[in-house]
Structures are given as C-alpha cells and as structure tokens.
Amino acid sequence: MAMTKKDFDKLKQMQSLCAEVESDNKQLKQLLRLFKTADKRRDELQTLYENDWLHLVESEELSKEQRRELESLQAKGKYSILDQDTIWNALSDQYDLRVQLIKAAVKTL
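About the criteria used
Residues numbered from 1 in each chain as written. Predicted model: local features only at pLDDT ≥ 70, side-chain atom pairs only at ≥ 80, totals over all residues. Heavy atoms only, no water. Helix = DSSP H or I, 4+ residues; strand = E, 2+ residues; numbered from the N terminus. Buried < 20%, exposed > 50% of the residue type's maximum accessible area, 1.4 Å probe, protein only. Contact = heavy atoms within 4.5 Å. Areas by Shrake-Rupley, 256 points an atom, 1.4 Å probe, with all protein chains shown as cover. Lys, Arg positive; Asp, Glu negative; His and termini not counted. Charge placed at Lys NZ, Arg CZ, Asp CG, Glu CD. Expected span 1.5 Å × (residues − 1). Patch = residues over 30% accessible without salt bridge, like charges linked within 9 Å, V, L, I, M, F, W, Y side chains within 5 Å. Salt bridge = Lys/Arg side-chain N within 4 Å of Asp/Glu carboxyl O. Phe/Tyr/Trp six-rings, centres within 6.5 Å; stacked < 30°, edge-to-face > 60°.

With that settled, consider the overall build of the protein chain. Helix and strand counts for the protein chain come out as three helices and zero strands. Overall, the C-alpha framework of the protein chain stretches about 85 × 30 × 20 Å when taken along its three principal axes. Per-residue burial over the protein chain gives 6% buried out of 109 residues. If you take every contact in the protein chain between residues at least 6 apart in sequence, the share linking residues at least 24 apart comes to 65%. For the protein chain, the accessible surface area stands at approximately 10100 Å², while carbon and sulfur atoms represent 57% of it. Side chains of the protein chain give 19 positive and 20 negative charges; the mean places of these two sets differ by 12 Å.

Moving on, we come to helix α3 (residues 84-107). With 24 residues, α3 should cover 34 Å at 1.5 Å per step; its first-to-last C-alpha distance of 35 Å lies within 8% of that length. Residues T86, I87, L91 and R98 constitute the buried set of α3. Buried residues in α3 make contact with α1 (5-59).

A cluster of basic residues, K26, K29, R33 and K36, forms a positive patch at the surface. Along the chain, R33 falls in helix α1.

Below, the discussion takes up the packing of aromatic side chains. Working definition: an aromatic ring pair is given by the centre-to-centre distance plus the angle between the planes. On inspection of all chains with the given rule, the structure shows one aromatic pair. Relative to W53, the ring of Y49 has its centre 6.0 Å away and its plane inclined at 50°; by these criteria the two rings are tilted. Highlighted residues: Y49 and W53, both in helix α1, separated by four residues, approximately one helical turn. An identical accessibility class is assigned to Y49 and W53; each is buried.

With respect to the helices, strands and loops of the structure, R98 is situated in helix α3. The exposure class assigned to R98 is buried, which follows from its relative accessible area of 13%. Excluding anything up to four places from it in sequence, R98 contacts F35, A38, D39 and R42.

Attention now goes to the pattern of salt bridges. This model, assessed by the stated rule, comprises five salt bridges. Residues K12 and D9 are paired through a salt bridge, measuring 3.6 Å at the closest nitrogen-oxygen approach. Residue K12 and its partner D9 are both found in helix α1; the two are separated by three residues, about one turn of the helix. We classify D9 as partly exposed; its relative accessible area is 30%. Through salt bridges with shared partners, a single ionic network connects D39, R42, D43 and R98.

Written as structure tokens, this is what we have:
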C-alpha cells in the first residue's frame, strides 16, 4: 500500500529543507572565510592607522597628482581616508556588525 499523501508531503518537505540547509552550510562556510579575511584587513588597517596615519597626513603635503590617485581609490559615495573619521567609522561599524552577528549566532544555539 502506498504512503498517505500527508506523510509523503512531509518527506518532500524534508527533502527540500535538507537541500536548503546544505546550501545554507555552504554560505555559512563562506561567511567564516570572510570573517578570517576581514579580521586580517581590519587588523592591518587599524595598525596602519594607529602607527602611521597622523604622521603621514600632517608631515607632508600631497601633490595634486598624488591626491587624484588617492581619490581614484576611493569607493563611489565614500569619503577619503584623509578625513580621520572615515577610518574610525569603518572600524567602528565593523565592530558593531560583528557584535550583532555574534549575538544572532548565540541566539541560535
């Protein structure tokens, strides 16, 4: 005798959900890799900021060509790192996002 429609629908639902969970797992692995590379970039920026930013910005004048080159590296709609708040805000924003992510992760455990 064949399985009831209700029970078979549950099996189909489980099959679909399993595929979605497997896909979620791939995305979560990518998120873990992002955390590692983001950590490295954040640490490097923070170190450069703490050790070199003030000295570089105040000690020498940028030529027009250097200023244009630096501006060309600026993401559209973003501010220059010559403004101290730009770096501080980027680091602070990432910290706040990480706290939110950790809180969300802990709630799922």
